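Commentary on secondary and tertiary structure
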Amino acid sequence: MKLTSQQLQIRVATEADLRALVDVEEAESKAKYVNEALGVTPAVLEAIGWGDVRAAKYRERYLADDRGRMWVAEVDGKVVAYAAAKKEDQANRLAKMYVAGAYQRQGIGQALLNAAEAWLGQTKEIWLGVASYDRTGIDFYYRHGYREGGSRLPEHTTVPAAGVVIPETLMIKRFMA
């Protein structure tokens with residue numbers, strides 16, 4: 001069931017939203033990225049560093065940098081999802097997008113993706129990485145015009161504190177020149 005515009009609000013994130021959006025990312029990461037066969041254990045995901053530490057990184061990367069932007073999705077005043085994007089030299093990048101489990105499949109991801117893509121524009125390709133074993137995520141982006149473009153480099157997908165690589169598939173959306 002899709003939420004109505006009265007129930008769902010998409011807006012640019014502020015510093016006051018950072019902790020709430022990190023909490024959404026942490027919960028969703030721990031729920032869907034554990035993969036014991038690849039060494040991605042709950043302890044590895046805990047080593048990412050959540051809470052205020054991650055919020056400070058996002059403040060610097062997306063709020064304090066004019067080339068970055070974040071959006072939140074609110075339902076009844078509660079942050080339930082977010083997206084982060086960055087305009088880069090080689091290609092634009094959808095850096096993050098997480099929707100809390102109870103709010104998935106209600107049009108929130110599509111609304112956030114639309115906001116990010118509108119801001120990024122169509123002058124460059126848009127790149128994003130998704131865990132290679134997250135078939136739901138890959139399928140979502142495929143439905144929105146992204147195609148697999150190989151694997152992301154390990155330096156972009158390693159949890160440094162644990163030394164474990166979370167393999168990611170590079171997804172690319174190309175625009176006609």
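Look up: the structure comes first, before these words.
Here's a quick rundown of the structure.

1. What about the sheet that holds strand E4 (residues 92–99)?
- The strand order E1-E2-E3-E4-E5-E9-E6 describes an open sheet built from seven strands, whose pairing is mixed. What marks the edges here is a single partner per strand, and that holds for strand E1 (8–12) and strand E6 (147–151). In this sheet, neighbouring strand axes are inclined to one another by 25 degrees on average, regardless of whether the strands run parallel or antiparallel.
- Sheet topology note: the strand E3 (residues 78–87)/E4 ladder contains seven bridges and is antiparallel. Directly across from Ala81, in E4, lies its bridge partner Val99.
- Seen against the sheet, helix H4 (residues 108–120) touches E1, strand E2 (68–75), E3, E4, strand E5 (126–131) and strand E9 (168–173) and runs at an angle of roughly 30 degrees to E3.

2. Considerations on the packing of aromatic side chains
- Within this structure, the stated rule accounts for seven aromatic pairs.
- Ring geometry for Tyr33 against Tyr98: centres 6.5 Å apart, planes inclined by 80 degrees, an arrangement best described as edge-to-face. Of this pair, Tyr33 sits in the loop between helix H1 (18–32) and helix H2 (42–46) while Tyr98 sits in strand E4; the two residues are 65 residues apart in sequence, bridging distant segments of the chain.
- Consider the rings of Trp71 and Trp119, whose centres lie 5.8 Å apart with planes at 70 degrees: the pair is edge-to-face.

3. Section: the side chain of Ser29
- Considering the arrangement of structural elements, one finds Ser29 in helix H1.
- By relative accessible area, Ser29 is classed as buried at 2%.
- For Ser29, the residues in contact, after removing those within four places along its chain, are Val34, Leu45, Trp50 and Tyr98.

Cut-offs used in this document
Residues numbered from 1 in each chain as written. Predicted model: local features only at pLDDT ≥ 70, side-chain atom pairs only at ≥ 80, totals over all residues. Heavy atoms only, no water. Pairing = 2+ DSSP bridges. Helix = DSSP H or I, 4+ residues; strand = E, 2+ residues; numbered from the N terminus. Axes fitted to C-alpha atoms, helices over the stretch in contact; angles between N-to-C directions. Contact = heavy atoms within 4.5 Å. Phe/Tyr/Trp six-rings, centres within 6.5 Å; stacked < 30°, edge-to-face > 60°. Buried < 20%, exposed > 50% of the residue type's maximum accessible area, 1.4 Å probe, protein only.

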